[in-house]
Amino acid sequence: MSHSTYNIQWNEAQNHIKELLEYEAAPDAQKPETDRVSAFQTAAVIYIKYIQVFRKLEECYFQIVHPQKRIVLKHVLDGTMGRLLELKNEMVNLEFSEYHFFDDVLSDMKLTPADIEIPVPRYFTQDNEKDIKDRMKLMAETLAKYRLDETSDKKEEIKMSLEEAIKIIQVHERARQGCLRAKFMREIRAQEEREKMLSLQGASTMDPDVASTIIQKVWKGYSQRNKTLKLREEELIFIGMQPNSDTPTHHKDSPVSKVSKREEERVLIQAQHEREYQDALVNIKEKIREAEGPDIKENMQDQIRQWFIETRDATGKFPDYPSDDEGGSAAIFKTKNGEGEEGAEGEGGKKKGKKGKKKKGDKKEKKEKGK
């Protein structure tokens, strides 16, 4: 599918989230529910809707290649998973059970059980692939080392004379022969019991023609079922509802292979775009530092000098430079910004006062002219 398809799917998921948030924030939804069954039904409906949103967002995050969009999508996806856990906890508290039955809800919403399956997000393994490989490597090395230690310990523990070894072998051989003898005797007794039962019941009186008819009936039924199954598969293949069994699904021209190949390409493009995005962040930061860094530094130095001069004029001595605990130069800029805002408010008040005086004077002049 194209990039616009996943953008549309993301937009639909966002609209569903907005509707759910509006529903949950409504005054009627916030009223306490006294009936446990109706409360569970309400929570189940919201839970299933969040599962549908989660499935759409997970698919979008796995297929979209734009790095900035993936960052936003991941935040939304994590928030959706958190809300799912909250609703799950609420349903557990209502039913006192970890397992829930949504048959009625699924029937009302016209959904199937497959629609509410929660897949494991693929970015769990995709984004942490390096950490998983390192962990598996460490576990393999630890297990290999542990096995070596075990084999070395066993070799050291096995210490006995030739006579002791012969005695152990003899004991095990006698035990093996005893087990075989007991098994043989058990089979003989079972055979004797079967012969005794047959002699008591008597020989079978079934007619050979009847027996052959039963065998033919069973075989014909089995053969016809296989033929019917084969005809059904051929019909599904003919109408395009099932792939041809002669052509393997991993063939390069099959739809399944094309989809999997496209997904692999998107994963590679995602990794490439992510590297370009991270490199661009560093490069843009360096360019801004080189182009605007000297001007910004000079402006900050001028502001700090001005602060020292203004403080000296006001107090008669130079102030101490703020320590790191006080915030350093940030405290100076904070103080200056606060003073600037107060000065702007004072100037605004003065201007308003002048305007008010001017308006009063205009009114007096108008009255005198009227007289």
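Our structure's up above, just so we're on the same page.
Calculation criteria
Residues numbered from 1 in each chain as written. Predicted model: local features only at pLDDT ≥ 70, side-chain atom pairs only at ≥ 80, totals over all residues. Heavy atoms only, no water. Helix = DSSP H or I, 4+ residues; strand = E, 2+ residues; numbered from the N terminus. Buried < 20%, exposed > 50% of the residue type's maximum accessible area, 1.4 Å probe, protein only. Contact = heavy atoms within 4.5 Å. Areas by Shrake-Rupley, 256 points an atom, 1.4 Å probe, with all protein chains shown as cover. Salt bridge = Lys/Arg side-chain N within 4 Å of Asp/Glu carboxyl O. Phe/Tyr/Trp six-rings, centres within 6.5 Å; stacked < 30°, edge-to-face > 60°.

> Looking at this structure, how should I read the overall build of the protein chain?
Within the protein chain, the regular secondary structure consists of 10 helices and 0 strands. In the protein chain, the order of α-helices and β-strands from amino to carboxyl end is α-α-α-α-α-α-α-α-α-α. Here the protein chain holds 371 residues, and 16% of them are scored as buried. Across the protein chain, the fraction of contacts at a sequence separation of at least 24, relative to all contacts at a separation of at least 6, is 70%. Working note: accessible area of the protein chain is about 30400 Å², and carbon and sulfur atoms make up 56% of it.

> I would appreciate a short explanation of the pattern of salt bridges in the present structure.
Between side chains of opposite charge, pairing is possible as soon as their charged atoms come close. Within this structure, the stated rule accounts for 11 salt bridges. Note that Arg83 is salt-bridged to Glu86, the shortest N-O span being 2.9 Å. Placement of the pair is Arg83 and Glu86 together in helix 3 (residues 67–95), with a separation of 3 residues, close to one helical turn. For Glu173, the salt bridge identified is with Arg176, shortest N-O distance 2.6 Å. Of this pair, Glu173 and Arg176 are both found in helix 7 (residues 162–201), 3 residues apart, which corresponds to roughly one turn of the helix. When its relative accessible area of 32% is taken as the criterion, Glu173 is described as partly exposed.

> Honestly, the packing of aromatic side chains in this entry has me stumped. Any pointers?
Two aromatic rings are characterised by how far apart their centres lie and by the angle between their planes. On inspection of all chains with the given rule, the structure shows 6 aromatic pairs. On the numbers, 6.4 Å between centres and 5° between planes, the contact of Phe40 with Phe102 is stacked. You can see Phe40 sitting in helix 2 (residues 36–63) and its partner Phe102 sitting in the loop between helix 3 and helix 4 (103–109), a full 62 residues away along the chain. Residue classification places Phe40 among the buried positions, given a relative accessible area of 6%. The exposure class of Phe102 is buried, given its relative accessible area of 11%.

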